[in-house]
Amino acid sequence: MEDREIVLSVQHLKKYFNVGKGSVLKAVDDISFDIYKGETLGMVGESGCGKTTCGRTCIGLYDKTDGQVLYKGKDVHTLMGKERFEFKKKVQMVFQDPYGSLDPRMTVSDIIGEGIDIHHLASGKTERQNMIYNYLEMVGLNREHANRFVHEFSGGQRQRIGIARALVVQPEFMVLDEPISALDVSIQAQIVNLLVELQKKMGLTYLFVAHDLSMVKHISDRVAVLYLGTLVELTTSEQLYANPNHPYTQALLSAIPIPDPEIEQERDKNKIKLEGEVPSPINTKPGCKFRKRCNYAMPVCDERMPELKDIGNQHFVACHYCDQQRKL
Ligand SMILES: Nc1ncnc2c1ncn2[C@@H]1O[C@H](COP(=O)(O)OP(=O)(O)OP(=O)(O)O)[C@@H](O)[C@H]1O
Ligand SMILES: [Mg+2]
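Residues numbered from 1 in each chain as written. Chains lettered and ligands numbered in written order. Predicted model: local features only at pLDDT ≥ 70, side-chain atom pairs only at ≥ 80, totals over all residues. Heavy atoms only, no water.

Taken in spatial order, the four strands line up as β2-β1-β4-β5 in an open sheet, and their pairing is antiparallel. With one partner strand each, in any of the chains shown, β2 (24-36) and β5 (74-75) form the two edges of the open sheet. Here strand β4 (residues 66-71) runs beside β5; their pairing, made up of two bridges, is antiparallel. By the bridge assignment for β5, leucine 70 is matched with aspartate 75. Strand contacts of helix α1 (residues 51-58): β1 (6-18), β2 and β4, with the helix running at about 120° to β1, the strand carrying the most contacts. (Pairing = 2+ DSSP bridges. Helix = DSSP H or I, 4+ residues; strand = E, 2+ residues; numbered from the N terminus. Contact = heavy atoms within 4.5 Å. Axes fitted to C-alpha atoms, helices over the stretch in contact; angles between N-to-C directions.)

Take a look at the structure:
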């Protein structure tokens with residue numbers, strides 16, 4: 001893996017929001033990871049842990065508070081002129097909400113055509129029209145859909161339109177922000193399969209945001225687990241499922257139901273349960289952010305935030321308890 005090209009390198013990224021009266025909300029709080037060319041990096045964590053903020057900051061839709069994001073070695077937040085224009089073509093996002101992310105006053109043709117126009121990708125009207133038809137068909141829609149408005153489509157179809165809009169500019173890297181969470185279970189697999197197929201066909205690199213671990217395993221080469229704005233574990237899908245280290249990852253995994261009631265009952269006895277609510281990300285104190293819900297919390301967990309450590313085998317963990325266990 002290490003000799004593969006790094007597409008996106010995120011280094012100590014912080015994104016804080018000022019939320020009034022001098023309070024600071026630490027949505028992303030010192031996160032580092034790399035994404036390699038052609039891979040899918042899954043990003044999981046409970047609602048509000050900073051997945052969308054991280055995705056948006058990584059592609060320059062939000063300014064950063066601190067740290068650095070490099071796209072093929074160039075700082076995303078200082079790109080100017082032609083380089084910035086090119087970057088906005090190469091990097092696309094499919095948004096979490098297929099209802100709110102498409103302009104209801106535009107036809108599907110206008111929505112998909114916008115990127116073609118901005119980046120001058122068609123030499124004339126006919127080529128533009130054909131491109132729109134091609135991309136509609138590529139995502140499983142058809143040319144009859146081109147002149148309709150967004151409200152005439154189902155959630156799954158809207159998400160396909162969002163995917164076509166992102167793909168038409170021929171990007172290299174896509175942030176897919178929970179592209180299937182708002183959809184019926186029966187449609188979810190179709191969209192996932194479509195994304196996998198398009199990735200192969202177009203050599204795309206994905207940051208795939210989700211809060212459902214069972215689905216992430218299916219699509220991701222590696223998985224990053226976020227907790228309250230920090231990265232707690234990062235490894236290959238296989239490693240994460242076979243050998244989860246962080247107590248939070250273990251809890252997330254044990255929350256995935258097993259269809260067989262007998263196995264489920266047996267497993268229930270050893271289940272690590274997540275107690276309590278996710279704490280507020282506003283004006284957080286130093287120390288591990290998970291400590292209040294962690295069965296293994298020690299005094300050091302109150303004192304300082306654990307660093308993300310390489311434990312070998314492409315496996316990174318940020319946990320004082322795990323550090324201690326490895327030393328024993
Ligand atoms: N523009 C903003 N201003 C202030 N706070 C924000 C803003 N955007 C996000 N937040 C806060 O940052 C934190 C992370 O939000 P974010 O949307 O990134 O979470 P998420 O992991 O994507 O959640 P979900 O799974 O629900 O989509 C939350 O506490 C949220 O309230
Ligand atoms: Mg989100």
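Read on for the rest.
A separate point is the nonpolar core. Residues Val139, Ile163, Leu167, Met174, Leu213 and Val225 are the most contacted members of the largest nonpolar core, which totals 58 residues. With 29 residues, the next largest nonpolar core counts Ile59, Tyr71, Leu79 and Leu231 among its residues. (Core = buried A, V, L, I, M, F, W, Y, C linked by side-chain atoms within 4.5 Å. Buried < 20%, exposed > 50% of the residue type's maximum accessible area, 1.4 Å probe, protein only.)

Let's shift gears to the pairing of β2. For a regular strand, side-chain orientation follows a simple rule: the groups alternate between the two sheet faces. In the sheet, β1 pairs with β2 via ten bridges, with the strands oriented antiparallel. Following the sheet pairing, leucine 8 is matched in β2 by isoleucine 35. With antiparallel pairing between neighbouring strands as the criterion, β1 and β2 make up a hairpin whose turn holds five residues, including glycine 20 at a positive phi of roughly 90°.

Next up on the list: the coordination of the magnesium ion (ligand 2). Every protein donor of the magnesium ion (ligand 2) is accounted for by Thr52 (OG1) and Gln96 (OE1), and the metal-donor separations fall at 1.9 to 2.4 Å. Here threonine 52 is found in helix α1, whereas its partner glutamine 96 is found in the loop between β6 (91-94) and α3 (108-118), with 44 residues between them in sequence. Note on threonine 52: relative accessible area 24%, which makes it partly exposed. (Donors = N, O, S within 2.8 Å, 3.2 Å for Na, K, Ca; no water.)

Moving on to the site of ligand 1. Near ligand 1, the surroundings consist of 15 residues, among which Ser47, Lys51, Thr52, Thr53 and Gln96 are the closest. For ligand 1, an oxygen atom lies 2.7 Å from a polar atom in the side chain of lysine 51. In this structure, threonine 52 approaches ligand 1 through a side-chain N or O atom, which is 2.8 Å from an oxygen atom. Contact with the protein chains removes 68% of the 640 Å² of surface that ligand 1 exposes when unbound. Contributing elements (two or more residues each) for the shell around ligand 1: β2 and α1. For the shell around ligand 1, the element with the highest residue contribution is α1, accounting for three residues. In the shell around ligand 1, the residues fall into five nonpolar, seven polar and three charged. (Near = heavy atom within 4 Å. Polar contact = N/O pair within 3.5 Å; in protein donor to acceptor, adjacent residues only side chain to side chain. Areas by Shrake-Rupley, 256 points an atom, 1.4 Å probe, with all protein chains shown as cover. Nonpolar A, V, L, I, M, F, W, Y, C, P; charged D, E, K, R; others polar.)

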